[in-house]
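# An overview of the molecular structure
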Amino acid sequence: MFFREMRTFDAIFIGTSPVMILEALQTSLEGKSVLMIDRRDSLGGAWHTAVLGSFKGIEIGCHYIKRYRKGYAFLEELIGRTLPVMDPQPCVQFWKCQFDHAQRSPAEFSLCIKNIRERKYRSFFSHLFRSIHFFWQEYLYKKQWDSPFCYPKEGCAEMIKALQRLLDASSIEIIHGRSVHEIYVEKNKKNGVCHTDQDDIFFRECVISSCTNLQTIHYPKKNIVLEKIVRSYDHVVLHIHGKKAQPFHYMEVRDNRYFSRVSDVGFCNPSFKKHGKKNELLLCVQIPANHWSKLQHNEKAFSDILLIQLEKKKLLQPGGNVLAYWSNRYETPFMDDHELDRIEKEFYPAIRTMKTTDMGTALARYADQWSSVLLMAHCIRQQEHRCTSDIEKRVLTLMNI
Ligand SMILES: Cc1cc2nc3c(=O)[nH]c(=O)nc-3n(C[C@H](O)[C@H](O)[C@H](O)COP(=O)(O)OP(=O)(O)OC[C@H]3O[C@@H](n4cnc5c(N)ncnc54)[C@H](O)[C@@H]3O)c2cc1C
């Protein structure tokens, strides 16, 4: 006979992306009991890392963090060192031109051309209008950002490592490999319960993010099905013997049908720097979703095609060869901010939402709320050599919570 375990927490968090971890830490530092649940086995959501061959902590994704000084300042304090400026800066390549990554007019213009080719005239006019609008904003008004693009010296693994240290020192419980499909909110909206495959978890507050896979929220006499778009992000990490034809960290390519983004994940990875040989590169390439089946059909041939395309786009010098490759599909639902607002308006305080569509914006938006987390990070760094599980108590005492 099976018994379903029943447990109660002040707050449960669905997903373990960096923003969710930071919010969970802050909640825990306010003295609440916190549980994080993730259907995947690793921490970090879209920012997870993996062991590929003999290389550890490899980023599976072409990552950048939007350039808000406030977000970078927060990350610097969290990690405990300054974020180097990316040199060269992330950019968008379209035909033979390169544009600043934040400029949206080239992207819109490339969609105009695509629509003309596909004879989608209505869509063509909408993108044409948008490209003129963005061109006006970006070139004539020179939209200014308050910082150049920066990125942790050891990539997103450095950020995940810092968060892992904080989680280890906190009282937060984490369950991996379990999905939450539905939650039930009580009539008074002050409590709820979620059923996982193995247990029933009662909560006072459930926190969800933009990319949650939660399907339904049940409320007396009404069920709300969350409106989401599911996107799939398909990546191939290529271990290449060859040389770059031009320096780049992160590049978006608008006029190639085999890949849309490429980033040099070996550059910021200590393990690759240690074990990789001279003239070897580790590149993460994002491919369009319709190529996934071709990739699955013959991975070796497809990775060779990608190498040729990288050479054709003058990102790599001709004559390289692929030493190894790993492919990964990350399917993720996505809810826009309006849908999140709708849910929060309907179910607050039982359900709280975090707007996490992009990391840089989320860090800048929520940084002010996470000051206790920074204090905790600081304490841990100070006492690293004798960091024990009672560190959180010391921080709590320090903060008079
Ligand atoms: C491959 C990829 C690359 C990206 N690169 C960038 C980038 O470079 N810069 C940037 O700013 N943004 C990037 N993003 C956007 C990214 O979505 C956000 O930066 C941020 O990670 C979103 O956080 P999130 O918690 O909403 O979702 P995610 O990061 O996707 O994390 C959600 C986590 O919750 C788990 N989960 C979801 N639903 C459930 C459920 N019902 N039950 C249990 N577990 C669940 C998932 O397994 C996952 O681990 C990228 C996204 C992807 C997919």
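Up top is the structure.
What comes next concerns the included structure.

Cut-off values and rules
Residues numbered from 1 in each chain as written. Predicted model: local features only at pLDDT ≥ 70, side-chain atom pairs only at ≥ 80, totals over all residues. Heavy atoms only, no water. Near = heavy atom within 4 Å. Polar contact = N/O pair within 3.5 Å; in protein donor to acceptor, adjacent residues only side chain to side chain. Areas by Shrake-Rupley, 256 points an atom, 1.4 Å probe, with all protein chains shown as cover. Helix = DSSP H or I, 4+ residues; strand = E, 2+ residues; numbered from the N terminus. Domains from an automatic or database assignment. Buried < 20%, exposed > 50% of the residue type's maximum accessible area, 1.4 Å probe, protein only. Contact = heavy atoms within 4.5 Å. Phe/Tyr/Trp six-rings, centres within 6.5 Å; stacked < 30°, edge-to-face > 60°. Lys NZ or Arg CZ within 6 Å of the ring centre and 35° of its normal. Salt bridge = Lys/Arg side-chain N within 4 Å of Asp/Glu carboxyl O.

## As for the site of the ligand
Around the ligand, the structure places 32 residues, and the nearest of them are Ser-17, Val-180, Asn-213, Tyr-330 and Thr-356. At a separation of 2.7 Å, a nitrogen atom of the ligand approaches a polar backbone atom of Tyr-64. Take Ser-209: an N or O atom from its side chain is 2.9 Å from an oxygen atom of the ligand. In isolation the ligand offers 950 Å² of accessible surface; the protein chains occlude 96% of this area. Put simply, the parts of the chain that give the shell around the ligand at least two residues each are β2 (34-38), β13 (229-241) and β17 (321-334). A domain-level breakdown of the shell around the ligand finds at least three residues from each of domain 1 (5-49 + 155-229 + 334-399) and domain 2 (81-86 + 148-153 + 230-332).

## With respect to the side chain of Thr-356
Along the polypeptide, Thr-356 turns up in the loop between β18 (351-354) and α10 (359-366). Of the residues examined, Thr-356 reaches a relative accessible area of 13% and is grouped as buried. Leaving out residues up to four positions away in the same chain, Thr-356 has contacts with Val-19, Ser-209, Ser-210, Cys-211 and Ala-362.

## Structural notes on the packing of aromatic side chains
By the definition in use, this model includes nine aromatic pairs. By way of ring pairs, the aromatic residues Tyr-64, Phe-149 and Tyr-250 are connected into one cluster. The side chain of Arg-231 reaches across the aromatic face of Phe-334, ending 4.5 Å from its centre. If you follow Lys-244 out to its NZ or CZ, it ends over the ring of Phe-248, 4.5 Å from the centre.

## Concerning the environment of Cys-194
Take Cys-194: it is sitting in strand β9 (residues 192-195). Here the alpha-carbon distance between Cys-194 and Lys-56, two residues 138 residues apart in the chain, equals 35 Å.

## Observations regarding the pattern of salt bridges
Within the structure shown, the criterion is met by 23 salt bridges. Members of the salt-bridge network, linked through shared partners, are Glu-23, Glu-205 and Arg-352.

## A short note on unusual backbone geometry
The omega angle of the peptide bond from Asp-87 to Pro-88 is 0 degrees, so this bond is cis rather than trans. Along the chain, Pro-88 falls in the loop between α2 (69-79) and β5 (91-94). The linkage connecting Tyr-348 with the following residue, Pro-349, adopts the cis geometry, with an omega of 5 degrees. Relative to the helices and strands, Pro-349 resides in the loop between α9 (337-347) and β18. Positive phi values are uncommon outside glycine, yet Arg-119 reaches one of about 55 degrees.

Purely geometric stuff here, so don't read any function into it on its own.
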